[in-house]
Amino acid sequence: MKTSLRTHTCGELTANNIGEKVTLCGWIQKIRKLGGMTFIDLRDRYGITQLAFNAETNPDLCKQIEPFGREWVIQVTGTVAERYSKNKNIPTGDIEILAEKITVLNESLTPPFTIEDESDGGDELRMKFRYLDLRRNPVKNNLLFRHKLGIAIRNYMNNIGFVEIETPMLVNSTPEGARDFVVPSRLSHGEFYALPQSPQTFKQLLMVSGFDRYFQIVKCFRDEDLRADRQPEFTQIDCEMSFITQEDILQTFEGLIKYIFKEIKGIDIEPIERITWHDAMKYYGSDKPDARFGMRFVELNNVLQHKDFKVFNEAELVVGIVAKGCAHYSRKQLDELTNFVKRPQVGATGLVYIQCQEDGHFKSSVDKFYDQNDLQAVAKECGAEAGDLILIMAGPRMKTQTQLCQLRLEMGSRLGLRKAGEYKLLWVVDFPLLEWDEETQRYYAMHHPFTAPKPEHEAMLESDPGHVNANAYDLVINGTEVGGGSIRIHDKELQKRMFKALGFTEEEAQKQFGFLMNAFQYGAPPHGGLAFGFDRMCSVLCDADTIRDFIAFPKNNAARDMMLGAPTPISDAQLKELGLK
RNA sequence: GGGCCGGUAGUUCAGUUUGGUUAGAAUACAUGCCUGUCACGCAUGGGGUCGCGAGUUCGAGCCUCGUCCGGCCCGCCA
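Calculation rules
Residues numbered from 1 in each chain as written. Chains lettered and ligands numbered in written order. Predicted model: local features only at pLDDT ≥ 70, side-chain atom pairs only at ≥ 80, totals over all residues. Heavy atoms only, no water. Near = heavy atom within 4 Å. Polar contact = N/O pair within 3.5 Å; in protein donor to acceptor, adjacent residues only side chain to side chain. Helix = DSSP H or I, 4+ residues; strand = E, 2+ residues; numbered from the N terminus. Salt bridge = Lys/Arg side-chain N within 4 Å of Asp/Glu carboxyl O. Buried < 20%, exposed > 50% of the residue type's maximum accessible area, 1.4 Å probe, protein only. Axes fitted to C-alpha atoms, helices over the stretch in contact; angles between N-to-C directions. Left-handed = near helix turned anticlockwise from the far one by under 90°. Contact = heavy atoms within 4.5 Å. Nonpolar A, V, L, I, M, F, W, Y, C, P; charged D, E, K, R; others polar. pLDDT = per-residue confidence, 0-100. Pairing = 2+ DSSP bridges. Expected span 1.5 Å × (residues − 1). Arc of directions from axis to C-beta. Parallel < 35°, antiparallel > 145°, perpendicular 65-115°, else oblique.

Engineer: Sorry, what's going on with the protein's contact with RNA strand B here?
Structural biologist: Near RNA strand B lie 46 residues; those nearest to it are E56, E96, D120, A445 and H447. Protein-adjacent atoms of RNA strand B, using a 4 Å cutoff, are sugar or phosphate at a proportion of 51%. Take H448: an N or O atom from its main chain is 3.2 Å from a sugar or linking oxygen of RNA strand B. Contributing elements (two or more residues each) for the surface near RNA strand B: β1 (21-33), β2 (37-44), β3 (47-54) and α2 (123-128).

Engineer: Help me understand the pattern of salt bridges, please; the structure alone is not making it clear to me.
Structural biologist: Any two side chains of opposite charge can pair, so long as their charged atoms come close to each other. Overall, the coordinates contain 39 salt bridges when judged by the stated rule. The residue K86 makes a salt bridge to E82 at a minimum N-O spacing of 2.9 Å. On the basis of relative accessibility, which here comes to 38%, the residue K86 falls in the partly exposed class. Linking D388 and K324 is a salt bridge whose minimum nitrogen-to-oxygen distance equals 2.6 Å. One end of the pair, D388, is in the loop between α11 (372-382) and β16 (389-395); the other, K324, is in the loop between β13 (317-323) and α10 (331-342), and 64 residues separate them in sequence. Since its relative accessible area comes to 48%, K324 is described here as partly exposed. One continuous salt-bridge network, built from bridges that share partners, spans D123, R126, R130, D133 and R136.

Engineer: Looking at this model, I keep getting lost on the packing of helix α4 (residues 137-159) against helix α16 (residues 534-541). Mind explaining?
Structural biologist: To characterise two packed helices, one gives the angle between the axes of the helices and the distance between these axes. Between α4 and α16, the shortest axis-to-axis distance is 10 Å and the interhelical angle comes to 115°. Judged by the twist between their axes, the crossing of α4 over α16 is right-handed. Touching F145, R146, L149, G150 and I153 of α4 are F534, D535, M537, C538 and L541, all from α16. When its residues are assigned to classes, the contact of α4 with α16 shows seven nonpolar, one polar and two charged.

Engineer: What should I look at first to understand the confidence of the model for chain A in this one?
Structural biologist: Low pLDDT marks stretches whose predicted atomic positions should not be read closely. Residues of chain A with pLDDT of at least 70 account for 100%, and the chain-wide mean is 95. Confidence metrics for the complex model read pTM 0.95 and ipTM 0.93.

Engineer: Looking at this model, I keep getting lost on the sheet that holds strand β12 (residues 298-299). Mind explaining?
Structural biologist: In a beta sheet, neighbouring strands pair by backbone hydrogen bonds and run either parallel or antiparallel. Ordered by their spatial adjacency, five strands build an open sheet running β12-β13-β16-β14-β15, and the pairing between neighbours is antiparallel. Both edges of this open sheet fall to β12 and β15 (362-364), since each of them pairs with a single strand only. Alignment of β12 against β13, held across two bridges, turns out to be antiparallel. Looking at β13, one finds that V298 is bridged to G320. In this fold α11 packs onto β12, β13, β14 (352-356), β15 and β16, with an angle of close to 95° to the strand it touches most, β15.

Engineer: Would you take a moment to explain the pairing of β3 for this structure?
Structural biologist: Across a regular strand the side chains alternate sides, sitting on one face of the sheet and then on the other. Burial runs high along β3: six of the eight residues are buried. By the bridge criterion, eight bridges tie β2 to β3 in an arrangement that is antiparallel. Its bridge partner being in β3, M37 is matched across the sheet by N54. Hairpin connection between β2 and β3: a loop of two residues separates the two successive antiparallel strands. One ladder, built from two bridges, connects β3 with strand β5 (residues 95-106); its direction is parallel. Across the sheet, the residue bridging to A52 is L98, located in β5.

Engineer: Whenever I open this one, α10 confuses me. Can you help?
Structural biologist: The periodicity of an α-helix, 3.6 residues per turn, causes residues three or four positions apart to be oriented the same way. With 12 residues, α10 should cover 16 Å at 1.5 Å per step; its first-to-last C-alpha distance of 16 Å lies within 8% of that length. When α10 is considered as a whole, its buried residues turn out to be L334, L337, T338, F340 and V341. Burial along α10 is one-sided: seen end-on, the buried residues are contained in an arc of 155°. Turned more than 90 degrees from where α10 packs its buried face, R331 and K332 sit exposed. In the core, the buried residues of α10 are packed alongside β14, β16 and α12 (397-414).

Engineer: Sorry, what's going on with the packing of helix α5 (residues 200-208) against helix α15 (residues 506-519) here?
Structural biologist: The geometry of α5 relative to α15 is characterised by a closest axis approach of 10 Å and an angle of 20° between their N-to-C directions. Looking at the two axes, α5 sits roughly parallel to α15. Crossing of α5 against α15: the hand is left-handed. On the side of α5, the interface is formed by T201, Q204, L205 and V208, while α15 contributes F515, L516 and A519. When its residues are assigned to classes, the contact of α5 with α15 shows five nonpolar, two polar and no charged.

Engineer: Explain the side chain of K203 to me, please; I cannot follow it from the model alone.
Structural biologist: Residue placement: K203 occurs in helix α5. When its relative accessible area of 1% is taken as the criterion, K203 is described as buried. For K203, the side chain forms a polar contact with the side chain of D238, separated by 2.8 Å. The residues touching K203, leaving out its near neighbours within four places in the chain, are Y214, D238, C239, E240, R488 and L530.

Engineer: How should I be thinking about the sheet that holds β2 in this particular structure?
Structural biologist: With mixed pairing, five strands are arranged side by side around a closed barrel as β1-β2-β3-β5-β4. Ignoring which end each strand starts from, the neighbouring axes of this sheet average 55° apart. Bridge count between β1 and β2: six bridges; the pairing is antiparallel. For I28, the partnering residue across the bridge sits in β2 and is L42.

Engineer: Just checking my understanding: could you explain unusual backbone geometry for this structure?
Structural biologist: Generally, phi is negative for residues other than glycine and the peptide bonds are trans, each holding for most cases. The omega torsion of the bond from A566 to P567 falls at 0°, within 30 degrees of zero and hence cis. Position of P567 among the secondary structure elements: in the loop between α16 and α17 (572-577). At E71, a position not held by glycine, the phi torsion is positive, near 75°. If you trace the backbone, E71 turns up in the loop between α1 (59-65) and β4 (73-82).

Engineer: Would you take a moment to explain the environment of I31 for this structure?
Structural biologist: Along the chain, the position of I31 falls in strand β1. Residue I31 is classed as partly exposed on the basis of its relative accessible area, which comes to 26%. Sequence separation between I31 and L51 is 20 residues, and the spatial gap between their C-alpha atoms is 9.5 Å. Apart from the residues within four sequence positions on either side, I31 is in contact with T38, F39, I40, F68 and G69.

Right, dumping it as structure tokens:
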């Protein structure tokens, strides 16, 4: 790293360099004054090197460093020497620099929080001073990880013939899907660009153009509410292929995922298990199950709907899970679980439990309605053994599945079954093509309107649209949706029928997606693809709770950049120029 | 649109349940002492609009209402 200002970095000098004359540049991490001796820890991206100053042999230099403070930027020239007492905790701990000449490159205010691995600064403050936060190892290492992952992906994709092509950031707004961020046009007053939610239509056009293997690591924008794992601008690894079937896509990207795990984590992963959307919902109550642990749903309608317990009898679905070895749960613990599912976020009306006690006796919150034989039958159906706790919920099918899913995840966490460092990957396949929306009384594309129905279901597009399955798939890791894609429609007529099923008039479809359907008339190849969430991939691979940790300058809860203060009002002059005033 | 948690020194927090003299701790910062530290040590010191506004009260960091800000979640996110 030799440049005009330095001969080495602060992370590379070792005992091998003893006696060499070196020049280092960096930030002052810490000053330790011991009277005659003063030590300065000098930090840069690469590490920390100790500088030593002796008042007896070099009084002038000691005088010079008197006013120095944390985070000043200095250049130091000196000789590498072996330490009297070594520091085994850092790579450069065997040596120090006997300083001979110091140049102050820049002074610094005292930072508002400590620049250490365990900083004293809270999230809010660190976001406001993100450039200081990024000096800290944990955050810096996250960005280095992200870089490494990006490079690995580009290498792999390049090696198997994928071409990276950039697509526009100023596109047009469409009503389907997420809300768009819009950009007013100065040259065409009253008209707006939209920032892309994904390069979806462009990558399909690139297939028409003959780039049969395309990818792009690309920013996408969605104006929706944020979460720990959702930012308004985020990065996708966007991919598309021609002349393929779903199987080709799953194989190709299983290869990529396998390579990533090996290259980045040093882990050999098992072949990725596949589960249909239907089974995922049935056994986990979720289209993105955390399959690190079992605790699968067991449907109990047949076993429990023969007595006069109204709640169960009137329910569309009665379903339970088995918590291994939890029969000993106290009244308080069971109440806690009941309160958990009753919280507005889960919204259940109640929770029924059966304790399978060690003595073979069953104790339950519905003892009034079910005798020991009934409870035994439930235990048998669930595969519960003595010492286990059965948790049962009932109600409308979809709603109950979602609620029990949350309880399952909660139990998984409580029992330590969601282990960091353990990775369970799933392809969730055979998603429904369409989803009925009660509010607007129409079908919406579950994935997007360019997704192809399964060929054998194509005929039902008009007669029974709700039961058409799609050639669509998601990659799920530990309960996080890391990517998803589909085989696309490449036929103009089928695309027209799809828009019709979605309630578009022919004019609307032509107006919004005419460019795509027109392109399909000029030799569109069969094609399909998928996109991975790059930020999420980083966070999942590092067992982090939030993708913010892997974004250099993230937005807060309210989609604000706390450092810039963005968004901000603009001047009247700008508004006028844009035709907005 | 909704639920929950938080806002007190530069910073991280305690104090709020049960209103009552001068609001504490740690850390950071400053000064002094200290020649082998590396979480250096010791001593001293400065540092507060208790987010903001209104209300209740003899009296509010503490109670009530409103509001702003931050975080997590539901809705939303093809």
